[in-house]
Amino acid sequence: MRMRTVRVLSGRVVAGLVTAAFGLSISLPSLAAGQVSEAAMKEAKEIWQTRCATCHGTGGKGDGPAGAALNPKPRDLTSEEWQKSVTDDYIEKIIVGGGQAVGKSPLMAANPDLAGKPEVVRGLTRVVRDLKGK
Ligand code: HEC
């Protein structure tokens, strides 16, 4: 009876170690170039909801409360055709530098505070990409 308890416990310890090692092995590569950490992704999603959705709408259709009054209006970012026509670099550039940075309307606001946060900018680009077809 006693032996059994010990074996069960050590089994749990081993399982815990394996889980810890596995957790480590997946969190390490996420810091490599081109990747977005969970924290940066969370910040990006928050920024989308609090900043971008004001004009673009939560679903990216260009129907945010402040978007209706704009001219030009923000386009439907869910459009597969538009998604195909732009690169990630372009999206990152317009997010940080605003419309002016890519020859578009300055009504697309710049976000200079994100210039030093490339991971969050990549996260926002992912948020924009995820709108495709929705
Ligand atoms: C003050 C309103 C406003 C806010 C806030 C805003 N945008 Fe925009 N955005 C626009 C407008 C207007 C355009 C269209 C510009 C044009 O067509 O010339 C645009 C265009 C874009 C485009 C390019 C679409 C295209 O036509 O190529 C992307 C991508 C984009 N916005 C992403 C974002 C993201 C991400 C955020 C938040 C960080 C954001 N925008 C915040 C108004 C806004």
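Residues numbered from 1 in each chain as written. Predicted model: local features only at pLDDT ≥ 70, side-chain atom pairs only at ≥ 80, totals over all residues.

Turning our attention to the packing of helix α4 (residues 88–97) against helix α5 (residues 118–130). Relative to each other, α4 and α5 sit at 115 degrees, their axes nearing to 9 Å. Relative to α5, the element α4 lies roughly perpendicular. Note on packing geometry: the crossing formed by α4 with α5 is right-handed. Where α4 abuts α5, its residues D88, I91, E92, I95 and V96 lie against V121, R122, L124, T125 and V128. Its residues placed into classes, the contact of α4 with α5 shows six nonpolar, one polar and three charged. (Axes fitted to C-alpha atoms, helices over the stretch in contact; angles between N-to-C directions. Helix = DSSP H or I, 4+ residues; strand = E, 2+ residues; numbered from the N terminus. Parallel < 35°, antiparallel > 145°, perpendicular 65-115°, else oblique. Left-handed = near helix turned anticlockwise from the far one by under 90°. Contact = placed C-beta atoms within 7 Å. Nonpolar A, V, L, I, M, F, W, Y, C, P; charged D, E, K, R; others polar.)

Around the ligand, the structure places 24 residues, and the nearest of them are C52, C55, K104, S105 and M108. At the level of secondary structure, the elements contributing two or more residues to the shell around the ligand comprise α2 (38–56), α4 and α5. A total of six residues in the shell around the ligand trace back to one element, the largest contributor, which is α2. For the shell around the ligand, the residue count by class is 16 nonpolar, five polar and three charged. (Near = placed C-beta within 6 Å.)

Another point: the nonpolar core. Residues A44, W48, I95, V120, L124 and V128 are the most contacted members of the largest nonpolar core, which totals 19 residues. Every element with two or more residues in this core is listed here: α2, α4 and α5. The residues contacting I95, other than those within four sequence positions of it, are N111, L114, V121, L124 and T125. (Core = buried A, V, L, I, M, F, W, Y, C linked by C-beta atoms within 7 Å. Buried ≥ 20, exposed ≤ 12 C-beta atoms within 10 Å, placed from the backbone.)

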